[in-house]
Amino acid sequence: MEQSSRSPSDQSPSVRLLRKRGVRVVFALLLPFLFAGIQHVLWPVIHPFSWFLFYPVVFLSSWIGGLWAGIAATLIAAVLAWWGFVPPEHAFAKYEMRFLVSATVYVGTGILINLLQNRLRRANQDSRAALGAACAAEERAKDARDQIAQLFEQASDGIFIADADGRYTNVNSAGCRLLQCTHEEILGKSFEDLIVPVDVPRLAQTRESLLRGETEIAEWSFRRKDGVEVPVEVSAKIVSDGRRQSIVRDITERRRAEKEIRTLVRLQTAIADLGLLALRSDCPGRAMDDAVVLVARTLDVEFCSVLELQREPRALVLRAGLGWSTGQVGKATVGAGTDFLEGYTLLHKEPVVVADIAAEKRFTFSSLLRDHGIVSSMAAAISTQSGSYGVLGVHSRYHLNFTADEAHFIQTAANVLGLMIGRCQSEDALRTSESDLNRAQAVAHIGSWYLDVASNQLLWSDEVYRIFGLPAGAQVSYEGFLSAVHPEDRKRVEQAWRDALSGAPYDIEHRILTNQEVRWVRERAEMERDSSGRAVRGIGTAQDITERKHDQEKLLRSYRANRALSRCNQVLVRATEEPVLLQQVCDIIVQEAGYRMCWVGRAEHDEEKSVSVIARSGIEGGYLAAVNVAWSDTDRGRGPVGTCIRTRQTTTIRYLATDPRMAPWRSQALEHGYASCIAIPLEIDAEIFGALAIYSAEPDAFDAGEVDLLAELSSDLSFGIATLRIRAEHARAEEEIRTLNAELEQRVLARTSELQTANQLKDEFIVREQAATAELERARERELNIGYRIQQTLLLDPPPVDVPGLQVAALSVPTERIDGDFYIFIKHREGNLDVIVGDVMGKGIPAALLGAATKAYFLKSLSYLMALSPSGRLPEPREIVMLAHAQIVRKLIDLESFVTLCYVRLNATERRLDLVDCGHTGIVHLHAGTGRTEVLHGDNLPLGVREGEIYEQRTVRCEPGDLLLLFSDGVTEARNQVGDAFGSDRLEECVRVHGDQDPASLVAVIRKAIRDFTGTDRLRDDLTSVAVRMEEIEIPLAHDEIEIRSDLKQLRRAREFVQTFCAGLPSSMLDHTEIDALVLAVNEAASNIMKHAYRGRSDQRIDIEGQAFRSRVVIVLHHFGEPFEPSSVPAVELDGLRESGLGLPMLTRCVDEVRYFRDERGRSCVALTKLSRNSVERKTGSHADSR
Amino acid sequence: MQIAVDKKDDVVVARIPVAELDAANSNEFKHDIAPVLESGDKIVIDLSLVRFVDSSGLGAMLSCLRQMTAKGGDLKLSGMSKQVRATFELVRMHRIFDIFDTSEEAMLSFKERRG
């Protein structure tokens, strides 16, 4: 029936009564009687219209009672009218035609009215239903709009919607945040209004490609309301209705990392330019002016100053500068006391940095700086050979935080200026003294000479004799002079003299050889001519310019070395392959730094300890092939490269012609034009890798500054190689994960199709249903196996066994449904061990894969940060977590998952742990001293909850003997039959009671405790626990290692190594019998590796390492062959019937402990431990050494 | 290796000419001692020059003993250094071999048995 949108409470009781259908029908049927009554009363007035009041009855009954009640009422009314009013009244009249007609008309009309009303009612109902449907549709559309609006609002990237004219009509809150504007401030603006002006010209091109219907992704800079520029990545598209939609992402962080690298390159380039400036300029004033501009521009500051120290009165004068008000440069002075920045800087070797003068306590600013409104400054002292010159400073009116690189830069710039000023000072001295010839002869080393052409008579002043290293007054001639000239310059000098005789000016610089020493001389001469124009005599000067030349060369070399360093760093940043990198670096050293030859030698661990050439550049002409360098302590190994590798020290040969170390190669080296050389060690991960050798055509070419630069270059190179290796290792790991993933996917696909087949079979052959079920069961089991394999291969690292001062054990009991529990161990240098324990929300293969992905992102972030770190500093756990999170958070949010995780860095030397807890379970820390436990927590969110989350790190002190337990919530959430959880208290109790056991036993005890508590082996969640014991670091008394090939003939070398190593130990440690036993054990272990692990291949390597501690001697054999599993070999009856299989029993009987493990480089290892005698005596009967 | 052989009466004394008998040369030893083992029923292997024996060397010795026992002969060892003896004792092989201080004593032991 009809429905009304109005609520019933709006209506009066009577109307409500009418709403009930039955009531209405009765009412409709009563109406004819009511009206018959009324008509009866009014009959005298109405007479003779019998049907008068019955027509309205028809209408009203139909309206109130509906079609059928209306018709019934009509018929009742007809009967009543017929009986009551059609004459004769109160009786049924006779059948007269006129009565029949009127009655028929009445009934007919009544039925028609009823039908009409009914149709009206239907139409009314239909339209109401249509209206209702329209309302519902509207409602749904509104919901959808709300959802879209919500998505739009909550997106983490800014979303900007513009109309076809490019005016913004909508923007989400992320967009407002990005621009720090309100919604209203953005509406009506266009993209052009948001970006910085320099980006505007690029717009036209973007518009074109947008109009072609392409999605345009590009980087722009937005200007925020507060003027800050924000780099963003914009993905724009014109959607189907012509509106423009842009998604804007803030890429400030990405830019910052790029900028750091760029800044470094820029600073180094600037130093190279500065060197060039210093070198080219003769006039210190102008060079200084250029230098301050260069320095100010490089550091992007408004002010730069060079202040010179004046002795009387002691003050600093502004010699050159940029940004100062007119008239200050050359005049302004600053007090030289240490209460001012400048004076303070003079006393310090390091650059002085002031971020904000208001917060500065060490000194104040001079009036010069105060008057210019300076807020931030950085200054470095300029020193010359003759002492302090002054101060180089940069200043800004804005608050600036100068970085360490920038501080290093200003110090280097000051050093270059110092060199330049020093050079100019000596030339100045020269110029003033030239005016007085007598003094010049003595002071400036200028001598004069006289040559009579006709008689070939040559006269020298005393100074010339001194320059040429001859006793004053000795007989000289032009030929004698010529023979003293350097052979390479002789032709040129002769030619110049001949040209001078025929009229050219004579002004040359050349070298002379005096007493095995090369000196530079400048010669100038005037010719006297006779009447015919023929030259009869020459009068000239000879000036010793050796010092100046040396200074120039020094500057040139410094500039070249700097440029080489800068180029090398650029190459390092881009390098992808080790051999290419080394070759490029060699090329740069020869081409940029101008050395004659350069090569990189790798130290080979073969019998001869040879050095192989892995990169070379320059004029070499077969020299390297001929010289056959080694690094053993023999004649061939005592050259620069051999010594350098052996001692790990930079080795310089200043004069190759005379140095005894070069004896085996001298003649070849001189033939190739080498005069001096330097070899710098290349160390990777504290291991010597080889050496970088550079040969110069000049003797004594490497001064201290240059050696420092080259050392820096080689350390950068070492770092580069290490980085490449990490990258390669990482790529390999990633490849492995990809392969496993692909394999898994394949298997899952195959399994899915198998399942389908099984299902079909089941439908088709009901009799085989049981068989099919069994097959399904097996398939499920196999799927579980896949999960288990993922967990074992990808999620769980074996705990490291050889971290100094840390004992680590881990245990993970997987459930039937795989959990995403994982742990990672990363061993760093200097005893740092990173342990990551994580738990992915959810179960099954997706959780396992997500765990693997999380793990990969952590490794990727770590290696990226390490590659980026210029000094090789280990990135902080917090940085690693933040970077990994930034990469994975979107994916986790999209997958509606999250990861709880605990990142711990342990260091036994520093006795500390750094912890980043991302919503994980915390760590139980057992204090050995007090026997108490506490749970260490952080308060960070899990990964994947919020983008841009800041993760906090905390540091906790530890003492030797302390124990740390990392665990997953499967431990504390394990429940018994009653439903109680195992809980943190029980776990802590367990650690307190059993914490004195070794970590491996402790994790086993915890496992057992949980089994006892739950009364079952079937767990709901994965059970993961990692226990780490911090120990006193034991420093080896002795350490040595060798590498042998997997050739049985090399067994003797292994034995000799052990003999020699033990012979070098205090005699109280092991006696002869014990040493023999250890030798035999090593022999057996090595022979096993050769025969079994390497399957008889004789070209593989085995590294043998000997370590002696106070209580024991440990020999470790490392190899890359198959790991040995002791339990796989059956025990041998020593009955003399078998000829083989004796090795293993021998091995175990010869030493006190045999351990098999895998080290952090993936090598299989066998560690053989022999306890020293006094330690055995002391410990007789008690448990052996804990290791 | 050149194994020096000295035959007195019916006893063959073979002197091993190397200081170290290890996995590198034990096969060579087995090959070179074979004709000596063929040449008689009473063999003495003189180890006085040997300073080191490893499991492979020991295995080679066991192989010699088995060959001799198989053909009804006898093998004795002599001249072991302290270190080599320790190696034999380590795996209880001193109970399986007849070991004498000198080759003379070993030869005498053959005669005594005959007497």
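Nothing here was measured: the structure is a model prediction, and the numbers come from that model. (Residues numbered from 1 in each chain as written. Chains lettered and ligands numbered in written order. Predicted model: local features only at pLDDT ≥ 70, side-chain atom pairs only at ≥ 80, totals over all residues.)

Engineer: Describe the overall build of chain B, and please don't skip the residues or the numbers.
Structural biologist: What chain B contains, in helices and strands, is four helices and seven strands. Ordered by position from N to C terminus, the α and β elements of chain B give β-β-β-α-β-β-α-β-α-β-α. Counting only residues that meet the buried cut, chain B has 42% of its 115 residues in that class. Considering only contacts within chain B whose residues lie at least 6 apart along the sequence, 76% involve residues at least 24 apart. (Helix = DSSP H or I, 4+ residues; strand = E, 2+ residues; numbered from the N terminus. Buried ≥ 20, exposed ≤ 12 C-beta atoms within 10 Å, placed from the backbone. Contact = placed C-beta atoms within 7 Å.)

Engineer: Before we move on, can you summarise the overall build of chain A with the specific residues and values?
Structural biologist: Scanning chain A from N- to C-terminus turns up 33 helices and 36 strands. For chain A, the residues scored as buried account for 35% of the 1187 residues in total. Contacts spanning at least 24 positions in sequence make up 61% of the contacts within chain A whose residues lie at least 6 apart.

Engineer: Could you give an account of unusual backbone geometry, naming the residues involved and the relevant values?
Structural biologist: Residue and element names in this part refer to chain A. Notably, Arg 911 is not glycine yet its phi reads approximately 50 degrees, a positive angle. Of note in the backbone geometry, Arg 1095 takes a positive phi value of approximately 50 degrees without being a glycine. Relative to the elements of secondary structure, Arg 1095 occurs in the loop between helix H31 (1072-1093) and strand E33 (1101-1108).

Engineer: Account for the pairing of strand E14 (residues 506-514) of chain A, with residues named and values stated.
Structural biologist: Residues and elements named next belong to chain A. Of the pairings in the sheet, the one linking E14 to strand E15 (residues 517-529) comprises nine bridges and is antiparallel in character. Across the sheet, the residue bridging to Ile 512 is Arg 519, located in E15. Where E14 folds back on E15, the antiparallel hairpin that results is connected by two residues, among which Asn 515 adopts a positive phi of roughly 45 degrees. (Pairing = 2+ DSSP bridges.)

Engineer: Talk me through the packing of helix H2 (residues 21-46) of chain A against helix H3 (residues 54-84) of chain A; I want residue IDs and the actual numbers.
Structural biologist: Two elements in contact, H2 of chain A and H3 of chain A, have axes separated by 9 Å at closest approach and are oriented at 35 degrees. Handedness of the crossing formed by H2 of chain A with H3 of chain A: right-handed. (Axes fitted to C-alpha atoms, helices over the stretch in contact; angles between N-to-C directions. Left-handed = near helix turned anticlockwise from the far one by under 90°.)

Engineer: Describe the interface of chain B and chain A, and please don't skip the residues or the numbers.
Structural biologist: Between chain B and chain A, the contact holds 19 residues from the first and 20 residues from the second. Looking at the side of chain B that touches chain A, the elements with two or more residues in it are helix H2 (55-70) and helix H3 (82-90) of chain B. Per-element tally for the side of chain B that touches chain A: the top contributor is H2 of chain B, with six residues. For the side of chain B that touches chain A, the residue count by class is nine nonpolar, six polar and four charged. (Nonpolar A, V, L, I, M, F, W, Y, C, P; charged D, E, K, R; others polar.)

Engineer: Before we move on, could you go through the sheet that holds strand E22 (residues 806-813) of chain A and cite the residues and values that matter?
Structural biologist: Residue and element names in this part refer to chain A. The five strands lie next to each other as E22-E31-E30-E27-E28, forming an open sheet whose pairing is antiparallel. The sheet terminates laterally at E22 and strand E28 (933-936), the two strands that pair on one side only. Neighbour to neighbour, the strand axes of the sheet diverge by 20 degrees on average, direction disregarded. Examined bridge by bridge, E22 and strand E31 (residues 1023-1030) share eight bridges and lie antiparallel to one another. Bridge pairing in E31 links Ala 810 to Val 1026. Across the sheet, helix H28 (residues 983-994) lies against strand E27 (923-926), E28 and strand E30 (963-967), angled at about 35 degrees from E27, the strand it touches most. Running over the sheet, helix H29 (residues 999-1014) touches E22 and E31 and is turned about 30 degrees from E22.

Engineer: Describe the environment of Thr 546 of chain A, naming the residues involved and giving the relevant values.
Structural biologist: Residues and elements named next belong to chain A. With respect to the helices, strands and loops of the structure, Thr 546 is situated in helix H18 (residues 546-574). Sequence separation of Thr 546 and Arg 522 is 24 residues, and the distance between their C-alpha atoms is 9.3 Å. Look past the residues within four positions of Thr 546 in its chain and what remains in contact with it is Arg 519 and Trp 520.

Engineer: Just give me the short version of H31 of chain A, but keep the residues and values in it.
Structural biologist: All names here are of chain A. Compared with an ideal rise of 1.5 Å per residue, which puts 22 residues at 32 Å, H31 spans 30 Å between its outermost C-alpha atoms and is within 8% of the ideal. A large share of H31 lies buried, amounting to 18 of its 22 residues. Immediately beyond the C-terminal end of H31, within one or two residues, lies Arg 1095, with a positive phi of roughly 50 degrees. (Expected span 1.5 Å × (residues − 1).)

Engineer: Break down the pairing of strand E17 (residues 597-603) of chain A for me, citing the residues and quoting the values.
Structural biologist: Residues and elements named next belong to chain A. With six of seven residues buried, E17 is to be regarded as a mostly interior element. Pairing geometry for E17 and strand E18 (residues 611-618), over seven bridges, is antiparallel. Bridge pairing links Cys 598 to Ser 617 in E18. Of the pairings in the sheet, the one linking E17 to strand E21 (residues 687-696) comprises six bridges and is antiparallel in character. Looking at the pairing, Gly 601 lines up with Ala 691 of E21.

Engineer: Describe H2 of chain A, with residues and values.
Structural biologist: All names here are of chain A. At His 40, H2 is bent by approximately 50 degrees, the largest bend along its length, and proline Pro 44 sits one to four residues beyond. Taken together, the buried positions of H2 are occupied by Ala 28, Leu 31, Pro 32, Phe 35, Ala 36 and Gln 39. Next to the buried residues of H2 lie H3. (Bend = angle between axes of the 7 residues up to and from the residue.)

Engineer: Help me get a handle on the packing of H31 of chain A against helix H32 (residues 1143-1150) of chain A, residues and values and all.
Structural biologist: Residue and element names in this part refer to chain A. Interhelical geometry of H31 versus H32 gives an angle of 145 degrees and a closest axis separation of 9 Å. Helix-helix and strand crossings are classified by hand; for H31 and H32 the assignment is left-handed. Here Ala 1077, Leu 1078, Leu 1080, Ala 1081, Glu 1084, Ala 1085, Ser 1087 and Asn 1088 of H31 lie close against H32, whose contacting residues are Gly 1143, Met 1146, Leu 1147 and Cys 1150. Tallied by class, the residues present in the contact of H31 with H32 amount to eight nonpolar, three polar and one charged.

Engineer: Tell me what's going on with the sheet that holds E15 of chain A, and back it up with residues and numbers.
Structural biologist: Residues and elements named next belong to chain A. Strand order in this open sheet of five strands is E13-E12-E16-E15-E14, and the pairing throughout is antiparallel. The two strands at the open ends of the sheet, each matched to only one other strand, are strand E13 (457-460) and E14. Along the sheet, successive strands turn relative to each other by an average axial angle of 25 degrees, direction set aside. Each of E14, E15 and strand E16 (535-544) touches helix H17 (residues 487-501); the most contacted strand, E14, lies at about 145 degrees to it.

Engineer: How would you explain the nonpolar core if you had to name every residue and give the values?
Structural biologist: Nonpolar side chains in soluble globular proteins generally cluster together in the buried interior. With 72 residues, the main nonpolar core has Leu 1078, Ala 1081 and Val 1082 of chain A as its most contacted residues. Considering every element that reaches this core, the biggest residue donor is H31 of chain A, with twelve residues. (Core = buried A, V, L, I, M, F, W, Y, C linked by C-beta atoms within 7 Å.)

Engineer: Please give an account of the environment of Ile 111 of chain A that cites residues and values.
Structural biologist: All names here are of chain A. Take Ile 111: it is sitting in helix H4 (residues 97-154). Spatially, the C-alpha atoms of Ile 111 and Thr 74 are 7.5 Å apart, while their sequence positions differ by 37 residues. The contact partners of Ile 111, leaving out residues within four places of it in the chain, are Ile 71 and Thr 74.

Engineer: Can you tell me about the confidence of the model for chain B, naming the residues and giving the values?
Structural biologist: Residues and elements named next belong to chain B. With 97% of its residues at a pLDDT of 70 or more, chain B shows a mean pLDDT of 90. Here helix H4 (residues 103-114) is the element of chain B with the lowest mean pLDDT, 81, and strand E5 (residues 52-53) is the one with the highest, 94. Of the two predicted TM-score estimates for the complex, the pTM is 0.36 and the ipTM is 0.91. (pLDDT = per-residue confidence, 0-100.)

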